[in-house]
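Chain by chain, the residues:
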Amino acid sequence: MDELLAIVLVVGSLAAALRLLVWLAARVRRRGIGDNVMAPFEEIWHPAAHRIRAEIKVHEERMVPLPSAGDPERRGCWARRVSLE
C-alpha cells in the first residue's frame, strides 16, 4: 500500500508541475512577455527556435520607423519621384 501511495504522489506532483507550466505558458502568451519567462525552457528544448527569436529581436531593434503620412519630407520624396518619372 505504501508503494502505491508513493507512486500516486510522484505522478500527482509531476502532473501538477506540468499543469503549472501550461498555465504559465498561456499567461505569458496573453501578456506578450514570453521572451523573458519562457526563454530558458525554449533554449533547453528547442535551441534553433531560441536562436531565431534572438535574431528577430535584433532585427526589430535595428528597423527605422517609417515617416508619418503628414510628414513634409515624405511629400517631398513623392514629388521628386513623380518628377523623375
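(A) Local environment of the confidence of the model for the protein. When the pLDDT values of the protein are averaged, the result is 78; 75% of them are 70 or greater. Long-range and interchain partners of residues 78-85, a stretch whose pLDDT sits below 50, account for 0 contacts in this model, where long-range means more than four residues apart.

(B) Inspection of helix H1 (residues 2-31) at higher detail. Taking 1.5 Å per residue as the helical rise, H1 with its 30 residues ought to reach 44 Å, and the 43 Å between its terminal C-alpha atoms agrees with that figure. Just beyond H1, the residue with positive phi is Gly-32, at close to 75 degrees.

(C) Broad picture of a nonpolar patch on the surface. Taken together, the side chains of Leu-14, Leu-18, Leu-21, Phe-41, Ile-44 and Trp-45 present a nonpolar region at the surface, about 680 Å² in accessible area. For the nonpolar patch, the elements supplying multiple residues, two or more each, are H1 and helix H2 (34-45). As for its placement among the helices and strands, Leu-14 is situated in helix H1. Judged by its relative accessible area of 52%, Leu-14 is exposed.

The rules behind the values
- Residues numbered from 1 in each chain as written.
- Predicted model: local features only at pLDDT ≥ 70, side-chain atom pairs only at ≥ 80, totals over all residues.
- Heavy atoms only, no water.
- pLDDT = per-residue confidence, 0-100.
- Contact = heavy atoms within 4.5 Å.
- Helix = DSSP H or I, 4+ residues; strand = E, 2+ residues; numbered from the N terminus.
- Expected span 1.5 Å × (residues − 1).
- Patch = residues over 30% accessible without salt bridge, like charges linked within 9 Å, V, L, I, M, F, W, Y side chains within 5 Å.
- Areas by Shrake-Rupley, 256 points an atom, 1.4 Å probe, with all protein chains shown as cover.
- Salt bridge = Lys/Arg side-chain N within 4 Å of Asp/Glu carboxyl O.
- Buried < 20%, exposed > 50% of the residue type's maximum accessible area, 1.4 Å probe, protein only.

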